[in-house]
Amino acid sequence: MDGLRYRRASAWEYELILREAEKYGELRQDTFAVVEGRFRDVYAVNDRVWREIEGLKLKPYAYGTFVGTIKVDNLIEKFYPNVEFFYFVNVERNYAVLTPKAGFLFTTGKDVPRGGVRSYNWRGTKKLVIYDENGVILGIGRINPESGKKFILNVADIGELLRRKH
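Now for a look at the structure at hand. (Residues numbered from 1 in each chain as written. Predicted model: local features only at pLDDT ≥ 70, side-chain atom pairs only at ≥ 80, totals over all residues. Heavy atoms only, no water.)

1. Regarding unusual backbone geometry
The phi dihedral of Asn 94 falls on the positive side, at around 60 degrees, and the residue is not glycine. Positionally, Asn 94 belongs in the loop between strand S7 (89-91) and strand S8 (95-98). The class for Asn 94 is buried, based on a relative accessible area of 1%. (Helix = DSSP H or I, 4+ residues; strand = E, 2+ residues; numbered from the N terminus. Buried < 20%, exposed > 50% of the residue type's maximum accessible area, 1.4 Å probe, protein only.)

2. As for the pairing of strand S3 (residues 32-36)
By the criterion of burial, S3 is predominantly enclosed, with 4 of the 5 residues buried. As paired elements, strand S1 (residues 5-8) and S3 share 4 bridges and run antiparallel to each other. Bridged to Arg 5 within S3 is Glu 36. Relative to strand S4 (residues 40-44), S3 runs antiparallel, the two sharing 5 bridges. When the bridges of S4 are listed, Val 34 appears paired with Val 42. Where S3 folds back on S4, the antiparallel hairpin that results is connected by 3 residues. (Pairing = 2+ DSSP bridges.)

Spelled out as structure tokens, the structure:
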């Protein structure tokens, strides 16, 4: 794994992460680490884990919870969160709660019709955190308010790992 660098997230990278979290609510995590390679992968770590990592002679490939990637898009750096990122955010806006049937379909990669949405809160961003009725995060969707049949488009969901072709 030559060429990988392991370090604490810089103040600028933390600001990118914080700005993304603020679209949905309040960030509950303050320590992030970065593995730099082709991309900059971001991990949520606690201080105890960070101290142990700093003391290791051999640096790990990954640590903590992988929460997303920082990429340059049209010359602008942006943090792209994954589903697990939202476990570190108090989500207060830009979310949807699905009915049981719609929740199941969403976790199989399908889009959600308007009738499958129990409730939603949408302000300022097209992306929504998707929940089931029990408050379990199912994934990330993109709202499509002009469509009744594909009201929420599936961006990422917790069933992706199971659907991968190995």
